[in-house]
Each structure stands twice: as C-alpha cells, then as structure tokens.
Amino acid sequence: MTRAVLALGSNLGDREAHLRAAVAGLGDSVVVVSGVYETPPWGDSDQPHYLNAVLLATDPGAGPKDWLATAHRLEEAAGRVRDPERRFGPRTLDVDVIAVWNDDGEPVTSDDPELTLPHPRAHLRAFVLRPWIDIQPYAQLPGRGWVNDLLRDDAVAGDLADLRPRVDVHLDS
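A brief look at the structure comes next. (Residues numbered from 1 in each chain as written. Predicted model: local features only at pLDDT ≥ 70, side-chain atom pairs only at ≥ 80, totals over all residues. Heavy atoms only, no water.)

**Here we look at the packing of aromatic side chains**
Part 1 of the argument: Applying the stated criterion across every chain yields a total of zero aromatic pairs.
Part 2 of the argument: Lying over the aromatic face of Trp-101, Arg-3 brings its terminal NZ or CZ to 4.7 Å of the ring centre. (Phe/Tyr/Trp six-rings, centres within 6.5 Å; stacked < 30°, edge-to-face > 60°. Lys NZ or Arg CZ within 6 Å of the ring centre and 35° of its normal.)

**Observations concerning the nonpolar core**
Part 1 of the argument: By size, the foremost hydrophobic cluster in this structure holds 29 residues, and its most contacted members are Leu-6, Leu-55, Trp-67, Val-97 and Leu-171.
Part 2 of the argument: Where this core is concerned, the elements lending two or more residues are strand 1 (2–10), helix 1 (15–26), strand 2 (30–33), strand 4 (50–59), helix 2 (64–77), strand 5 (94–101) and strand 7 (115–117).
Part 3 of the argument: With residues up to four places along the chain from it excluded, the contact list for Leu-171 reads Glu-16, Leu-19, Arg-20, Val-23, Val-33, Val-36 and Ala-53.
Part 4 of the argument: Ranked by size, the runner-up nonpolar core spans 23 residues in total, among them Ile-98, Val-128, Trp-132 and Leu-151. (Core = buried A, V, L, I, M, F, W, Y, C linked by side-chain atoms within 4.5 Å. Buried < 20%, exposed > 50% of the residue type's maximum accessible area, 1.4 Å probe, protein only. Helix = DSSP H or I, 4+ residues; strand = E, 2+ residues; numbered from the N terminus. Contact = heavy atoms within 4.5 Å.)

**With respect to helix 1**
Part 1 of the argument: Helix length check: helix 1, at 12 residues, gives a terminal C-alpha distance of 17 Å against a target of 16 Å (1.5 Å per residue), a fit within 8%.
Part 2 of the argument: Every buried residue of helix 1 is listed here: Arg-15, His-18, Leu-19, Ala-22, Val-23 and Leu-26. Projected onto a plane normal to the axis of helix 1, the buried residues spread over an arc of 135 degrees and lie on a single side.
Part 3 of the argument: The elements touched by buried residues of helix 1 are strand 1, strand 2, strand 3 (37–39), strand 4 and helix 2. (Expected span 1.5 Å × (residues − 1). Arc of directions from axis to C-beta.)

What follows is the structure, given as structure tokens:
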C-alpha cells in the first residue's frame with residue numbers, strides 16, 4: 001500500500017467547494033485531512049488569497065505517477081487552466097504530490113522533471129508544512145527532516161504569521 005501526502009490549494013471561484021470536491025474525488029483513499037488555512041499567494045503576489053489544506057491518502061495499487069495522474073484529474077475536474085506564462089498564478093485548484101511512501105514505509109524519491117519527490121519546494125512552504133502538522137504531528141519530509149524543525153527555519157517562519165486558520169471551513173472526508 002502506498003501513502004501520499006497531497007497539498008490542496010484554491011484561490012479562484014468557490015475555493016471551499018474546490019477543496020471539498022478534491023477530497024471527495026479521492027474517496028476512500030483519504031485517511032485524514034488537515035484544517036484549512038487562508039494564505040497570501042506565494043511566488044506571485046498579484047492574485048487573491050488561497051485556501052490551503054493537506055491530506056494523507058493511501059491506495060494499495062497506486063505508484064507515484066498514479067498519485068500525479070489523480071492530482072491532474074482533480075485539477076481538471078475543477079476547471080484548472082495552466083498558464084505557461086504565469087507559473088505561480090491563480091488557480092481553481094492546485095494539487096501537489098508532496099511525498100510518497102512505498103509498501104514498506106520507505107520514502108519514494110524521484111528526480112523525474114514531471115514528478116520530483118519529495119516535492120522540491122515543500123520545505124519552504126509554510127502553507128504545506130503547517131497543515132501537515134495538523135494531521136501528523138511527528139511528520140518528516142524525506143530528505144529534509146522533521147516538519148516541526150522546518151517550520152522554525154528562517155525561510156519559513158516569517159510566512160507562518162501570514163497563515164490564518166479557517167475554523168469555519170471543514171473538509172472532512
């Protein structure tokens with residue numbers, strides 16, 4: 001059985017509905033979903049704020065590329081349009097594969113440009129790390145260390161102040 005940590009984000013349209021649809025689209029593979037956080041955009045500030053969450057999913061038959069295909073399927077269902085000119089631009093739904101573990105619990109690594117594992121920038125993103133702690137207080141990002149330690153890094157700690165918990169939004173699976 002493979003396990004995957006997936007990060008969800010939306011800043012266009014009905015953000016809550018897009019996140020809920022992604023969780024629903026993963027069905028019984030969802031083990032646990034974090035709380036939701038409202039965050040300023042990362043990488044391109046000229047756009048609306050995001051709603052972000054992280055979830056843990058399992059699937060006995062899924063490999064890393066299957067998780068990526070699922071992420072793309074969920075994004076397409078939400079009407080996501082990729083703008084090649086604006087890499088970090090607004091989106092109805094963004095689903096990132098953060099990390100994958102194989103049947104033996106070993107982390108999967110990949111330097112494939114289509115799917116780099118673990119996610120190459122996850123260790124810099126408070127909007128991924130903070131929700132992850134909600135669901136796995138002792139989480140480790142493969143190759144980077146304890147998520148709690150990563151949150152204390154100067155590159156991330158400043159962004160933590162900008163995360164606003166949205167206790168009014170629930171994405172229960």
